[in-house]
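# Reading the structure
Letter by letter, the chains look like this.
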Amino acid sequence: MINFQYVRATDVADAVHRIAADPAATFIAGGSNLIDLMKYDVERPSRLIDITRLPLKSVEETADGGLRIGALVSNSDLAYHPLIAARYPLLASAILAGASAQLRNMASTGGNLLQRTRCYYFYDTATPCNKREPGSGCSAISGLNRMHAILGTSEACIATHPSDMCVALAALDARVHAAGPAGARTIAFSDFHRLPENTPERDTNLQPNEIVTAVELPARGFAANYTYLKIRDRLSYAFALVSVAAALELQGDTIIEARLALGGVAHKPWRDPTAEAALREQAPSQATFNRAADVFLRDAKAFGHNAFKINLAHRAIVRALIQAAAGTPQSQSDKKIR
Amino acid sequence: MAQTGTATKPITPAPENIPILLIVNGVERQLRLAPWTSLLDALRNHLDLTGTKKGCDHGQCGACTVLVEGRRILSCLSLAVMKDGAHVTTIEGLAQGGALHPLQQAFIDHDAFQCGYCTPGQICSAMGLIAEGRAKSAEEIRELMSGNICRCGAYPNIVAAIQQAMGQS
């Protein structure tokens, strides 16, 4: 870890002012990813701006029936919040599928959005990595890539976004509220994270001088028919190989709205409007779900070690849709997949 | 600390040590620490509270678990300076007088450790788990204790010890 200065921001305007004054500074909230990356010399901020004392810790109902979640609400407070548990159980389930109880107590909502890939080469400063050192090359494409992406990759980067929470937020059409020198703005969740293309060093479309202030959920919560199905190498406290957030709205025996987002397969939570369209106006059935999974994975591309992910993702999508349609969401403590 | 600045990167001047107050196991402790000092290092190296263990130092093992404001967190991924003014409970703060905390006694009763290195973290984590009140079944205890790795594999006995302590609380 290199030397750094430490300051506390007093309010959002002060935080924005301080980050604008020092381009090498970074915000710190939970620190559960940033401090780890600093220990590995992957992140080398000149200054940490501590935002943990800002008043961004509430969950409030919005006028249109949704919720506004302050950026500093901890992952555990969010997962166990009565309104989240009742109205957005998909989000609660996804959060509880991630990390450990200790880390969920530390990690913030905004920080979860901004966590960085767990690609081994990104962490290993002895190896080339375009995300860490632009232009140095990608070690994963021809290296060990069992955990890597199968959708939306580029020749520069095949890293995945590691969050579980963000997969549910993507499925729920959340919006991200940000503040910067030019004022406040709202970013659709699908526009928040980026694909690697030729600039894998940029994970999100948040500007370097902006701060996440809140995440807003629209009213539609899919509380009756949802599941978060996470497949990983051990049953808990491991990142997803493939995860599926599935949410359906049924009218009688017809799917009238469908959401499908995958984690562990791309540089961002992956949604596919065509696959979701293939589910709408259909009766829930294995054949329908198979077709949707075919569509979802039509452009999937593997890099050797991660070839198994394409088949695994297909099966996980079908299984998750069966769980969602049946109203039997995956338990995050009983790990049997039914 | 090695100077890692290069010709192209401005060198950050070494920061002043920052005065902070931690209330550790009920006792106010004044410290002056460099900002990069983890809460774990502050406890072990500056306050000589070596009960809290450094396992991986990267948030993957849970050996460094302590309670901050009553909630279990990883002290290795926490900067001490960010916890200024906070109440911290470590394994040294659990026994009252000469009497072990019921969780400590339960770990002995159930032989819930072999080498013991993960045990302070396991017990502090279990303190947090019981306070949270989310775990009822053995299955839920296992899931909500998954942040504490035991390489000796004492998990069944750890679950039994926690169940015993839960029955007493």
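Since we're looking at a predicted model, the values are computed, not measured. (Residues numbered from 1 in each chain as written. Chains lettered and ligands numbered in written order. Predicted model: local features only at pLDDT ≥ 70, side-chain atom pairs only at ≥ 80, totals over all residues. Heavy atoms only, no water.)

With 39 residues of chain B at the interface, the matching set in chain A holds 45 residues. Looking only at chain B, the three residues that lose the most surface to chain A are Leu-77, Met-82 and Glu-143 of chain B, adding up to 20% of its buried area. In this assembly, chain B and chain A are joined by 4 salt bridges. The partner of Arg-71 of chain B in a salt bridge is Asp-77 of chain A, and the shortest N-O contact between them spans 3.1 Å. Taken together, chain B and chain A are joined by 17 residue pairs in polar contact (both at pLDDT 80 or more). At the level of secondary structure, the elements contributing two or more residues to the side of chain B that touches chain A comprise strand E4 (71-74), helix H3 (119-132) and helix H4 (138-144) of chain B. (Contact = heavy atoms within 4.5 Å. Buried area = accessible area lost by both parts, 1.4 Å probe. Salt bridge = Lys/Arg side-chain N within 4 Å of Asp/Glu carboxyl O. Polar contact = N/O pair within 3.5 Å; in protein donor to acceptor, adjacent residues only side chain to side chain. Helix = DSSP H or I, 4+ residues; strand = E, 2+ residues; numbered from the N terminus.)

Take the packing of aromatic side chains next. Summed over the entire model, instances satisfying the criterion amount to 4 aromatic pairs over all chains. A centroid spacing of 5.3 Å and a plane angle of 85° characterise the contact between Tyr-40 of chain A and Tyr-123 of chain A, whose relative ring orientation is edge-to-face. Pair noted here: Tyr-40 of chain A is in the loop between helix H2 (34-39) and strand E3 (47-50) and Tyr-123 of chain A is in helix H8 (residues 120-123), with a separation of 83 residues, a long-range link. Taken together, the aromatic side chains of Tyr-40, Phe-122 and Tyr-123 of chain A make up a single cluster linked through ring pairs. Across from the ring centre of Tyr-80 of chain A, 4.0 Å away, lies the NZ or CZ of Arg-134 of chain B, which sits over that ring. (Phe/Tyr/Trp six-rings, centres within 6.5 Å; stacked < 30°, edge-to-face > 60°. Lys NZ or Arg CZ within 6 Å of the ring centre and 35° of its normal.)

Residues and elements named next belong to chain B. Residues of helix H1 (residues 39-46) that are buried include every one of Leu-39, Leu-40, Ala-42 and Leu-43, and no others. In the core, the buried residues of H1 are packed alongside strand E1 (18-24), strand E2 (27-33), strand E3 (65-68), E4 and strand E5 (87-89). After H1 finishes, the residue Asp-48 shows a positive phi value of roughly 55°. (Buried < 20%, exposed > 50% of the residue type's maximum accessible area, 1.4 Å probe, protein only.)

Residues and elements named next belong to chain A. Strand order across the open sheet formed by 4 strands is E9-E10-E11-E12, with antiparallel pairing between neighbours. At either margin of the open sheet sits one strand with a lone partner, and together these are strand E9 (226-231) and strand E12 (270-271). Two elements, E9 and strand E10 (residues 242-251), share 6 bridges in a ladder whose sense is antiparallel. Looking across to E10, one finds that Leu-229 is bridged to Val-244. Where helix H5 (residues 89-96) meets the sheet, its contacts fall on E9 and E10, and the angle it forms with E9 comes to roughly 15°. (Pairing = 2+ DSSP bridges. Axes fitted to C-alpha atoms, helices over the stretch in contact; angles between N-to-C directions.)

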